[in-house]
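Understanding the architecture of this molecule
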Amino acid sequence: AQSVTQLDSHVSVSEGTPVLLRCNYSSSYSPSLFWYVQHPNKGLQLLLKYTSAATLVKGINGFEAEFKKSETSFHLTKPSAHMSDAAEYFCPRGSSNTGKLIFGQGTTLQVKP
Amino acid sequence: DGGITQSPKYLFRKEGQNVTLSCEQNLNHDAMYWYRQDPGQGLRLIYYSQIVNDFQKGDIAEGYSVSREKKESFPLTVTSAQKNPTAFYLCASSIWPGNNVLTFGAGSRLTVL
């Protein structure tokens, strides 16, 4: 079955340091992969999506993600964390025949001053 | 501005009562989705609909019901048969057939007293 695994349930960084949130997916010939962010008691906002056009995907707010087929990974990075980046992050994959998104358990990002 | 409106934002219910959560979108999207979010479990799909007057069960449909009488509306009823209804509920929509890019509402938090 198609699935995603977010390797860390909680990540803590200091403000101004790099952010790395890790996501692996089960192998698929053509995955659609996404990163969403959720602030407390809010809905989810799309950060970026991968749809095979380029392996390095740039998103909003300085985030980017690199698709690595050989490692079945789609990790999210940001060079310098800001306090406002503290939130829950999800990397779902798309189901092509239903349109739905399949979610992992999420990663909570804490940013310390 | 186009978007998804969920109401109410907070809802309290006594055991044994049915409650209905509203979801309205003005994005002209064909597909709509209901997800349930519990701490540490990510998002799980309850029901989805790709066209008016048609809908399919997701992964955790037991104890829930939906209707899709209008393109812009997809209400979710949490019935008394749902054994553990306290959760955060998120509605989303997308174009169909599409690219799995879901737009989410701000969510409704249901607490059973």
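First, a word on what this report is: a plain description of the structure on this page. Every chain's residues receive numbers from 1 upward, in the order its sequence appears when written. As they are written, the chains are lettered A onward and the ligands numbered 1 onward, keeping that order. The model is predicted, so local features are restricted to residues of pLDDT at least 70 and side-chain atom pairs to those at 80 or more, both for listing and for counting; the totals for chains, interfaces and linings are taken over all residues. Side-chain descriptors were evaluated using all non-hydrogen atoms of the structure, hydrogens and water having been removed beforehand.

Brief notes about the interface of chain B and chain A
- Note on contacts: a residue pair is in contact if any heavy atoms of the two residues lie within 4.5 Å. With 24 residues of chain B in contact, the opposing surface of chain A contributes 22 residues.
- Buried area adds together the accessible area that both of two parts lose upon being put together, with accessible area traced by a 1.4 Å probe. Of the roughly 1800 Å² buried between chain B and chain A on both sides combined, carbon and sulfur atoms contribute 52%.
- Of all residues in chain B, Leu43(B), Asn100(B) and Phe104(B) bury the most surface against chain A, accounting for 29% of the area lost on that side.
- Any Lys or Arg side-chain nitrogen found within 4 Å of a carboxyl oxygen on Asp or Glu counts as a salt bridge. Across the chain B-chain A interface, the total number found is 0 salt bridges.
- We call two N or O atoms a polar contact when they sit within 3.5 Å, provided that within protein one can donate a hydrogen and the other can accept it, with sequence-adjacent residues counted only if both atoms are side-chain atoms. Joining chain B to chain A, the criterion identifies 9 residue pairs in polar contact (both at pLDDT 80 or more).

Remarks on the environment of Ser73(A)
All names here are of chain A.
- Segments assigned H or I by DSSP are reported as helices when at least four residues long, segments assigned E as strands when at least two residues long, and all are numbered from the N terminus. Structurally, the position occupied by Ser73 is in strand β9 (residues 73-78).
- Burial status follows relative accessibility: with a 1.4 Å probe on protein chains alone, a residue under 20% of its type maximum counts as buried, one over 50% as exposed, and anything between as partly exposed. Using a relative accessible area of 1% as the deciding quantity, one classes Ser73 as buried.
- For the pair Ser73 and Ser27, spaced 46 residues apart in sequence, the C-alpha separation works out to 9.6 Å.
- For Ser73, the contacting residues outside a window of four places in its chain are Cys23, Asn24, Tyr25, Glu66, Phe67 and Lys68.

Observations concerning the state of the cysteines
- To count as a disulfide, a pair of cysteine sulfur atoms needs to be within 2.5 Å. Counted by the stated rule, this structure contains 2 disulfides over all chains.
- Disulfide partner of Cys23(A): Cys91(A), at an S-S distance of 2.0 Å. Here the S-S torsion is close to 85 degrees, and the disulfide linking Cys23(A) with Cys91(A) is therefore right-handed. Taken as a pair, Cys23(A) in strand β4 (residues 23-25) and Cys91(A) in the loop between β10 (87-90) and β11 (93-94) lie far apart in primary sequence, 68 residues in all. Here Cys23(A) and Cys91(A) have matching classes, each one buried.
- Cys23(B) shares a disulfide with Cys91(B); S-S distance 1.9 Å. On the S-S bond that ties Cys23(B) to Cys91(B), the torsion sits near -75 degrees, and the link is left-handed. On the criterion of sequence distance, the pair formed by Cys23(B) in strand β3 (residues 19-25) and Cys91(B) in strand β9 (residues 87-94) is long-range, its members being 68 residues apart. Cys91(B) shares its class with Cys23(B); the two are buried.

Here we look at the layout of surface pockets
- Put simply, the grid is 1 Å and covers the protein atoms alone, a cavity is a trapped set of points that fit a 1.4 Å probe, a pocket is an open set with protein on both sides within 12 Å along at least five of seven lines, and lining residues have an atom within 4 Å of a point. Grid points are joined across faces, edges and corners, and a volume is the space filled by probe spheres set on the points. Of the pockets and cavities examined, the largest pocket occupies roughly 300 Å³.
- Considering the residues around the largest pocket, the lining is formed by 19 residues, among which Gln38(A), Glu88(A), Gln37(B), Pro39(B) and Arg109(B) are closest to the centre.
- If you list the elements that add at least two residues to the lining of the largest pocket, you get β10 of chain A together with β9 of chain B.
- With 3 residues, β10(A) is the largest single contributor of residues to the lining of the largest pocket.
- Each residue belonging to the lining of the largest pocket can be placed in one class, and the counts come to 6 nonpolar, 9 polar and 4 charged. Three classes are used: nonpolar for Ala, Val, Leu, Ile, Met, Phe, Trp, Tyr, Cys and Pro, charged for Asp, Glu, Lys and Arg, and polar for all others, with Gly counted as polar.

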